[in-house]
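Listed here are the chains, written in short residue letters.
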Amino acid sequence: MTTSRMPRIVGTAWGLLILNTLGSAGAKTIVPLPRSLIQMVTMGALVAAFTLALAVNPRLRIRPSAFVFLLTLLLVVSVISSASLESGFGALFRCARLGLFVTTLWLLSRWWDGGLTFVRHHIRMYFAVLGSVAAGLAVSPGAAMPELYGGRLVGALWPLTPPQIGQYAAVIIGLTLLLVLGRRTDRGSAALVVVPSLLLLALTHTRTATLGLLAGLVLAIGSLVLTSAAARRFFAWAVGCAAVAAVGFNAALQAWFLRGQSQENFTSLTGRAKVWNALLAAPRTTSEQWFGAGLGDKSFGGLPIDNSWLAVYHEQGLAGVALVAAVFTVLGGVALLRPPSLQRACAIFLISYCAIASYTEAGLGDASPYLLHLAVAASLLAAPAGATPRSTSEAPSEAPSEAPATPEAPARRIPRWAQRSEVS
C-alpha cells in the first residue's frame, strides 16, 4: 500500500486529539470555567477529530498496526469490565470515549509512514498549550503558582496540574533536541521551544517529568552515538555539564528535588505508597481480578492512584495489565530491531519516557497524552510504504544470463529502387 501525501486536516485532527486529553480537572483558573463546559469542549474536540479523520479517509484505508490492535483489545476488556456497572454509567461513557479515540487512531494510521510529521504536530500543539500556561503566569502569577499546590506552576487559563505541564514540557524538549541532533531543525527555532519549556518545567517542580526527560534522552542519544558525530559531541557536552551542575549546585538541586518535603513524605512518594498498598490489599472477586471494576477516574478510596499499572489493574484487571505490557514489549522490540536513525531515537525517547512516568502517573489504560506519545512512537516505527510492485508479466526472467542482452538494431529501410533491382 502506498502512503499518499498527508493533508493538513490530519494535523488538525491530531491537535484535537491532544485537546481532548488535556482533562477537565486542575487548578482554579483566572476566569472560572464550569467543569461541564470544559468537558463539552474536550469531548467536542474528540468528536471533531473523529469527523475530520473520517472525512479525510472516507474509504477507511488503514495501516496494520500492532499498537492500535492492542488498544482495540484493551477497549474490549474495558467494555467487559464496565458492563457490570460497578463503576456506574460513567464507565460506559468512558468506554465510548476510548472507542472513539482508538477508531480515530485507526483512521489516522494511514499516514503512519515512519516520517517525522507527527512529531512536528506533537511539538507544535503542546507548545501552544505551554503558551497558554505562560500567558496565565504573565497575567496572574498568584493564580498560576497558588499555595494550594505549594507554589508550583499550574494552568491559570485552562485547568492544568503541575505534572501535566511538566509532562508536556519534557516531551517537547526531548523531541526538539533530537530534531536538532538530526539536523531537521535549526538551533534558533529549537531554542525558542526548549528555553521557555525548560523554564516552565523548572517552575512545576515535577520530578517524574525531569527524570523521564533525562533518562529518555540518554537512551535516545545513546542509540545514535555509534552513527552520529553530533550525538557523540552532545552526549559528551551533556555529561560534562551534568558533572559541573552536580558539584556546583548540589544544594540547590537537592532543594528543588525535595520540594520542601520531609524524608518520610519523600520515601512514601508523597503518600502514593499508602494508596497503592490499600488497593493491593483490597479483596477482589475472580472477575474483578481478571477484568477489573470498569473504567473510572483513576482513583481508589477517593484518592488518586497515580500509577498506570495499578490503575489498569484496578479498572481492567490482569488482562488489561497484560495488554499494556504487550504494548511496551512490541514497541520496544521493534525499536531495538530498527537500524539507528533519528526516527528510532525519537521513538525510544517517547517509549522510555512513558515507561518511567507510568510509575507515578496514571493514563495508560484510557485515552490520555501517554497513549498519544506512544502513538507517535508507533508512527515513527512504521515501515515506509514501498512502491507498488510490478505485475508478474512485467517481472524480469529468473533465468540467468552470462551477458546482458543488447537491444536489437532497428531494421534498415530499403528504398524502392533498390528493392526493384534485387528482384530483377
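All of the points below concern the structure found in this document. Treat the numbers as computed from the prediction; the structure is a model and nothing was measured. (Residues numbered from 1 in each chain as written. Predicted model: local features only at pLDDT ≥ 70, side-chain atom pairs only at ≥ 80, totals over all residues. Heavy atoms only, no water.)

Turning our eyes to something else, we now look at the overall build of the protein chain. Along its length, the protein chain carries 18 helices and 2 strands. Within the protein chain, buried positions represent 45% of all 424 residues. Long-range contacts, defined as pairs at least 24 residues apart, comprise 77% of the intrachain contacts of the protein chain with a sequence gap of at least 6. Counting only carbon and sulfur atoms, one obtains 65% of the accessible surface of the protein chain, whose full area is about 21600 Å². (Helix = DSSP H or I, 4+ residues; strand = E, 2+ residues; numbered from the N terminus. Buried < 20%, exposed > 50% of the residue type's maximum accessible area, 1.4 Å probe, protein only. Contact = heavy atoms within 4.5 Å. Areas by Shrake-Rupley, 256 points an atom, 1.4 Å probe, with all protein chains shown as cover.)

The next point concerns the pattern of salt bridges. Taken as a whole, this structure holds 3 salt bridges when the rule is applied. A salt bridge links R272 to D306, with the nearest nitrogen and oxygen atoms 3.5 Å apart. Here D306 lies in the loop between β2 (303-304) and α15 (308-337) and R272 lies in helix α13 (residues 272-281), a separation of 34 residues in the sequence. R272 gets classed as buried once you look at its relative accessible area, which sits at 16%. With a shortest N-O distance of 3.2 Å, D366 and K298 are connected by a salt bridge. Linking D366 in the loop between α16 (342-357) and α17 (369-381) with K298 in the loop between α14 (286-291) and β1 (299-300), this pair joins segments that are 68 residues apart in sequence. Among the residues examined, D366 registers a relative accessible area of 5% and is labelled buried. In the salt-bridge network here, residues are joined through shared partners; they are K298, E315 and D366. (Salt bridge = Lys/Arg side-chain N within 4 Å of Asp/Glu carboxyl O.)

With that settled, the discussion passes to the packing of aromatic side chains. In total, this model carries 6 aromatic pairs according to the counting rule given. Look at W276 and Y359: their rings are 5.4 Å apart centre to centre, the planes differ by 70°, and that puts the pair in the edge-to-face class. In this pair, W276 is assigned in helix α13 and Y359 in the loop between α16 and α17, connecting sequence segments 83 residues apart. The partly exposed category is assigned to Y359, whose relative accessible area is 47%. Between F349 and Y353, the aromatic rings sit 6.3 Å apart at their centres with planes inclined by 35°, giving tilted as the arrangement. Here F349 pairs with Y353, and both are found in helix α16, just 4 residues apart, close to one helical turn. The buried category is assigned to Y353, whose relative accessible area is 2%. (Phe/Tyr/Trp six-rings, centres within 6.5 Å; stacked < 30°, edge-to-face > 60°.)

This part takes up the nonpolar core. General note: in soluble globular proteins, nonpolar side chains tend to be found buried as a group. Counting residues in hydrophobic clusters, the biggest one holds 103 residues, and the most contacted among them are W14, L17, F67, L105, W112, L178 and L374. Beyond its immediate chain neighbours, meaning those up to four positions away, L374 contacts F67, V327, F328, L331, L350, I351, C354 and L364. L279, L310, A311 and Y313 belong to the second-largest nonpolar core, a separate cluster that totals 6 residues. (Core = buried A, V, L, I, M, F, W, Y, C linked by side-chain atoms within 4.5 Å.)

Let us now look at unusual backbone geometry. Even without being a glycine, H205 presents a positive backbone phi close to 55°. Of note, H205 is situated in the loop between α8 (187-204) and α9 (207-222). Phi angles above zero are rare outside glycine, and D306 is one such case at about 55°.

The next subject is the packing of helix α5 (residues 117-139) against helix α7 (residues 162-181). For the pair α5 and α7, interaxial distance at closest approach is 9 Å and the crossing angle is 135°. Classified by the angle their axes make, α5 and α7 are oblique. Every pair of crossing elements has a handedness; the one defined by α5 and α7 is left-handed. Of α7, the residues touching α5 (which contributes V119, R120, H122, I123, Y126, F127, V129, L130 and V133) are I165, Y168, A169, V171, I172, L175, T176 and L179. In terms of residue class, the contact of α5 with α7 is made up of 14 nonpolar, 2 polar and 1 charged. (Axes fitted to C-alpha atoms, helices over the stretch in contact; angles between N-to-C directions. Parallel < 35°, antiparallel > 145°, perpendicular 65-115°, else oblique. Left-handed = near helix turned anticlockwise from the far one by under 90°. Nonpolar A, V, L, I, M, F, W, Y, C, P; charged D, E, K, R; others polar.)

Another point: the packing of α7 against α9. Across the interface, α7 lies against α9 with an axial gap of 9 Å and an inter-helix angle of 20°. Considering their axes alone, α7 and α9 lie roughly parallel with respect to each other. Crossing angle aside, the handedness with which α7 passes α9 is right-handed. In this structure, α7 uses G166, Q167, A170, I173, G174, L177, L178 and L181 to contact α9, whose residues at the interface are A209, L213, L217, A220 and I221. A class-by-class count of the residues in the contact of α7 with α9 yields 10 nonpolar, 3 polar and no charged.

To continue, consider a nonpolar patch on the surface. Among the surface-exposed residues, V76, I80, W290, F291 and L318 lie close enough to one another that they form a single nonpolar patch of about 430 Å² accessible area. The set of elements that each furnish at least two residues to the nonpolar patch consists of α3 (66-82) and α14. Structurally, the position occupied by V76 is in helix α3. (Patch = residues over 30% accessible without salt bridge, like charges linked within 9 Å, V, L, I, M, F, W, Y side chains within 5 Å.)

In this section: the environment of L85. The residue L85 is located in the loop between α3 and α4 (89-108) in this model. Separated by 210 residues in the primary sequence, L85 and L295 place their C-alpha atoms 9.6 Å from one another.

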